[in-house]
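# Notes for the structure review
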Amino acid sequence: MKILAFESSCDESAVALLDCERRVAVEKIYSQVAIHQVFGGVVPELAAREHLAAFPRLLRLLAAEEDLSQVNRMAVTIGPGLAGCLAMGLAAAESVNLLYPVPLQGVNHLRAHALSPFFAPWQRGFSPLEYLPHLGLLVSGGNTLLFLLEENFSFQILAETVDDAAGEAFDKGAKLLQLPYPGGALIEKLARQGEKTAFRFPRAFQGGEMKFSFSGLKTSLRYLLEKMSPEEISQQRSHICASYQDAICDVLVEKLFLALSCHKVRSVGLSGGVSQNCYLRQAVESQLKSRLPLLLAPRELCGDNATMVAFAALFDNRLLDFPQEFFPRWPIDQSPLASF
Ligand code: KG4
């Protein structure tokens, strides 16, 4: 089984070939970050046009290394994401599918992120079944979701953000601090030299409510910076970053462990771009104290990528050495365009 997958939900164009027997993936990815950096965020129209130019190039690169005629299944992200960007990935996948008419499956972008922590155990030969039910925290530039993945593979959302996503909070905070987009990794780097108790930022919905909110945090940073001189800001920058990062991670960890106290699970997972944050990883790890396996999405699968799309297709079709009763619940050869 070889799955060719496409991802284009935002500003990464990616194609990957997942070899399910050897449990390895070859990925070709093009990030548009440098193009959008000057605008301080992703420009949807520009992103769609970049995907159009990127897919033929990426496919040529992949075809130079892999025999695409061996592909026996295809997968493509069908949402959520920017409509114009998704359309480009779908068009690319449908075009290649004319050449290689194998079943083409639409994949939900959030499911793909949410399932990515199972990729490394699967590569090592473990069945994801061993880790279910699973409590997952998906933290990316566009989403913040706490969910349960049940033993019957259904997802139950336990908490989500009512406004900004965690990654958006990092990026908007970075913008206020005049750091380049996307600012999450840079805030983390600066925070390493800072003191997290130097400034007190608000935490929304503390005290048991299963919701996230980060827009007040960003506003609070704006008010703080308005009261400071440019010299003070540059002197205090690492302390501000440490306190701001702590405020974001604090609520993520609090809700994760609140959910853990209410649900019996066999593993905990972190996925999405923000899950690369070491401060967050360590906070979860130290509070979990090896009580349960902590499944971390591999770093190369934290941001948007096509390997996770191929893996989600494999997972959703129960082709991972699962018992017979888990085999496809829905026809896989329906064109994803039909549901777009
Ligand atoms: O998963 P992703 O590509 O986003 C979406 O598809 O929505 O992740 C990008 C997000 C950005 O907001 C970026 O600032 C954040 O992940 N990010 C980080 C770190 N690395 C990336 N946030 C905090 N700490 C990091 N080390």
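In this report, the structure presented in the accompanying data block is examined. This is a predicted model, so every value here is computed, not measured. (Residues numbered from 1 in each chain as written. Predicted model: local features only at pLDDT ≥ 70, side-chain atom pairs only at ≥ 80, totals over all residues. Heavy atoms only, no water.)

## A short note on the side chain of arginine 281
As a reminder, the rule being used: Labels follow the DSSP assignment, with helices taken as runs of H or I lasting at least four residues and strands as runs of E lasting at least two, numbered in each case from the N terminus. Here's how the labels work: a residue is buried when its accessible area is under 20% of the maximum for its type, exposed when over 50%, partly exposed in between, all with a 1.4 Å probe on protein chains only. Neither His nor the chain ends is counted toward charge; the positive residues are Lys and Arg and the negative residues Asp and Glu. Salt bridges, as used here, are contacts in which a Lys or Arg side-chain nitrogen is within 4 Å of a carboxyl oxygen on Asp or Glu. Polar contacts here mean pairs of N or O atoms no more than 3.5 Å apart (in protein, one a potential hydrogen donor and the other a potential acceptor; neighbouring residues in sequence count only if both atoms are side-chain atoms). We call two residues in contact when some of their heavy atoms are within 4.5 Å.
Mapped onto the fold, arginine 281 is located in helix H10 (residues 278-288). Put simply, arginine 281 is tucked away with no salt bridge, and the nearest opposite charge, on glutamate 285, sits 7.5 Å away. A distance of 3.1 Å separates a polar side-chain atom of arginine 281 from the backbone oxygen of alanine 297. Those residues in contact with arginine 281 that lie beyond four places of it in its chain are Leu270, Ser275, Gln276, Leu294, Leu296, Ala297, Arg299 and Cys302.

## Overview of the packing of helix H6 (residues 166-176) against helix H9 (residues 230-262)
Rules: Only the stretch in contact is used when fitting a helix axis, every axis being a line fitted to C-alpha atoms; angles between N-to-C directions are given from 0 to 180 degrees. Throughout, the term roughly parallel applies to angles under 35 degrees, roughly antiparallel to angles over 145, roughly perpendicular to angles from 65 to 115, and oblique to all others. Charged residues are taken to be Asp, Glu, Lys and Arg, nonpolar residues to be Ala, Val, Leu, Ile, Met, Phe, Trp, Tyr, Cys and Pro, and polar residues to be all remaining types, Gly included.
Running from N to C, H6 and H9 point in directions that differ by 170°, and their axes come no closer than 11 Å. What the angle tells us is that H6 and H9 run roughly antiparallel. Contacts from Ala166, Ala169, Phe170 and Gly173 in H6 reach Tyr244, Gln245, Ile248 and Leu252 in H9. Here the contact of H6 with H9 is built from residues that sort into 6 nonpolar, 2 polar and no charged.

## Digging into the site of the ligand
For clarity, the cut-off: Throughout, near means a residue has at least one heavy atom within 4 Å of the molecule or strand.
The environment of the ligand is formed by 19 residues, the closest being Gly141, Gly142, Asp171, Glu188 and Asp304. Taking glycine 273, its main chain carries an N or O atom lying 3.0 Å from an oxygen atom of the ligand. At 3.0 Å from a nitrogen atom of the ligand is found a side-chain nitrogen or oxygen belonging to asparagine 277. Going through the elements one at a time, helix H4 (109-115), H6 and helix H7 (184-191) are the ones with two or more residues in the shell around the ligand.

## Section: the pairing of strand S6 (residues 134-139)
Our working rule: Here the rule is simple: two strands pair whenever DSSP picks up at least two bridges between them.
Across the 6 residues that make up S6, a large majority, 6, are buried. Covered by surrounding structure in S6 are His134, Gly136 and Leu138 together with Leu135, Leu137 and Val139, the residues of both alternating faces. Sheet analysis places S6 next to strand S7 (residues 144-149), joined by 6 bridges and oriented antiparallel. Bridged to glycine 136 within S7 is phenylalanine 147. Once S6 ends, the chain turns through 4 residues before running back antiparallel as S7. Note: S6 against strand S9 (residues 267-271), 5 bridges, orientation parallel. Within S9, the residue paired with leucine 138 across the bridge is serine 271.

## A few points about the sheet that holds strand S1 (residues 2-7)
Pairing is mixed across the open sheet formed by 5 strands, whose spatial order is S3-S2-S1-S4-S5. Of all strands in the sheet, those bounded by a partner on one side alone are strand S3 (24-31) and strand S5 (104-108). On average, each strand axis in the sheet is inclined to that of its neighbour by 20°, with strand direction left out of account. Judged from the 6 bridges that link them, S1 and strand S2 (residues 12-19) form a sheet pairing that is antiparallel. Its bridge partner being in S2, phenylalanine 6 is matched across the sheet by valine 15. Helix-sheet contacts for helix H3 (residues 83-99) involve S1, strand S4 (73-79) and S5, and the interaxial angle to S4 is about 160°.

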